[in-house]
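The residues making up each chain are set out below.
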Amino acid sequence: MKRTMTLNLSAIEMGFVESLCAEKGLSKTALVRQALRLYKSVDDRLAKGDKVFVENADKTDKAELMIL
Amino acid sequence: MKDLLGNIPLKNRISGEFENAELFHGIDTDNLAHIEGRWRPMFEHRKMEAKGSGKSLSDINAEDLHWQWGKKAIAAIQNPLVYDIFALECGGNTQAVMLVQKGGPKCFSRHEEHPRAPLVYLDFLSTAPWNRPIMVSEPVYKGCGRALISTAVSLSFEEEMCGRIGLHSLPKAEDFYRDQIGMSDLGVDDNYFNLRYFELPASQAFKMFNEI
């Protein structure tokens, strides 16, 4: 069963949502769903005490991804 | 807990007839009992034989023998936001199972056609040992792997990901994904057990579904 919610976003936030939707070819619903999944999968790792790192393309720099 | 998604005709290579397989979203204790009680003894028997004749798990088409589907089922039940698990049944037996991720760090495309676009990541796919060439001299059902890959592509369409799927292949399955499914081979991933990474781009997924 699907449920509906209303989001109150600033113009800047909505601008990002709309540009990401256009770039990824997703509806706003699908974009929020994907964002939730990514957030949960990263948060699950952090909750276990794991660290998440981001490495640059030439592998010369690696930084821990900080989630607030 | 599982839900019937539909029926798929599978060719029984022994009888030459098509049989109606049932595709389920979710797996239950019956499926796990089939895997542990019917798949595993056959795998273990062939493993012992292979060991005696100096063959590797790859040589007997059993590189996934160590996968624990019970744990994977629990992961899918505990985290339905990210995971989906599917089972294919036919002839009173579990013929294949698949675990996919619908979101997370692995679900970004690396394909030049659509870099960073979202995709369904195919985490694990296994077919019953009696359906595997090399493992047995006369494999029974043909098309179990393809049926589950089509399910992943279909899920990707449903999730607005245009049919895109990605996966890391075990060495023995590389030819299948490359030549029979038509996935793009994007090379060895040195960040993931040195397995080759494959993707089905949106253009190929669209073609695949239009051919069916």
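Just above sits the structure.
Description of the structure in this document. (Residues numbered from 1 in each chain as written. Chains lettered and ligands numbered in written order. Predicted model: local features only at pLDDT ≥ 70, side-chain atom pairs only at ≥ 80, totals over all residues.)

### A short note on the overall build of chain A
Next up, step 1: Across its full length, chain A holds 2 helices and 2 strands.
Next up, step 2: Beginning at the N terminus, the succession of helices and strands in chain A can be written as α-α-β-β.
Next up, step 3: The C-alpha radius of gyration of chain A comes to 15 Å, more than 25% above the 11 Å expected for a compact globule of 68 residues.
Next up, step 4: Considering chain A as a whole, with its 68 residues, one finds that 6% of them fall into the buried category. (Helix = DSSP H or I, 4+ residues; strand = E, 2+ residues; numbered from the N terminus. Rg over C-alpha atoms; globule rule 2.2 N^0.38 Å. Buried ≥ 20, exposed ≤ 12 C-beta atoms within 10 Å, placed from the backbone.)

### Considering helix α2 (residues 28–47) of chain A
It helps to recall that an α-helix has 3.6 residues per turn; residues three or four apart then point in one direction.
Residue and element names in this part refer to chain A.
Next up, step 1: The end-to-end C-alpha distance of α2, which contains 20 residues, comes to 28 Å, matching closely the 28 Å that a straight helix rising 1.5 Å per residue would cover.
Next up, step 2: Turning to α2, its buried residues number three or more, namely Gln34, Arg37 and Ser41. Take α2 and look down its axis: the buried residues cluster within an arc of 60°, on one side only. Relative to its buried face, α2 has exposed residues pointing more than 90 degrees away, namely Thr29, Asp43 and Ala47.
Next up, step 3: Looking one or two residues past α2, glycine 49 carries a phi angle of roughly 95°, positive in sign. (Expected span 1.5 Å × (residues − 1). Arc of directions from axis to C-beta.)

### Points about the interface of chain B and chain A
Next up, step 1: Contacts between the two partners involve 11 residues from chain B and, on the opposite side, 11 residues from chain A.
Next up, step 2: Of the residues that constitute the side of chain B that touches chain A, the class distribution is 6 nonpolar, 2 polar and 3 charged. (Contact = placed C-beta atoms within 7 Å. Nonpolar A, V, L, I, M, F, W, Y, C, P; charged D, E, K, R; others polar.)

### Thoughts on the pairing of strand β1 (residues 3–12) of chain B
Residues and elements named next belong to chain B.
Next up, step 1: Across 8 bridges, the pairing between β1 and strand β2 (residues 18–25) is antiparallel. Bridged to proline 9 within β2 is asparagine 20.
Next up, step 2: Counted between consecutive antiparallel strands, the loop separating β1 from β2 contains 5 residues, among which glycine 16 sits at a positive phi close to 80°.
Next up, step 3: Taken together, the 2 bridges between β1 and strand β6 (residues 141–142) define a ladder with antiparallel strand orientation. Across the sheet, lysine 11 pairs through a bridge with lysine 142, a residue of β6. (Pairing = 2+ DSSP bridges.)

### Describing helix α1 (residues 29–52) of chain B
All names here are of chain B.
Next up, step 1: In a regular helix each residue adds 1.5 Å, so 24 residues correspond to 34 Å; α1 covers 33 Å between its end C-alpha atoms and thus fits that length.
Next up, step 2: Tryptophan 39 marks the point of greatest bend in α1, at about 35°, and the proline proline 41 comes within the next four residues.
Next up, step 3: Among all positions of α1, only Asn31, His34, Ile35, Trp39, Phe43 and Arg46 are buried.
Next up, step 4: Against α2 (69–78), β3 (83–90) and β4 (93–101) lie the buried residues of α1.
Next up, step 5: The first or second residue beyond α1 is glycine 54, which carries a positive phi of 75°. (Bend = angle between axes of the 7 residues up to and from the residue.)

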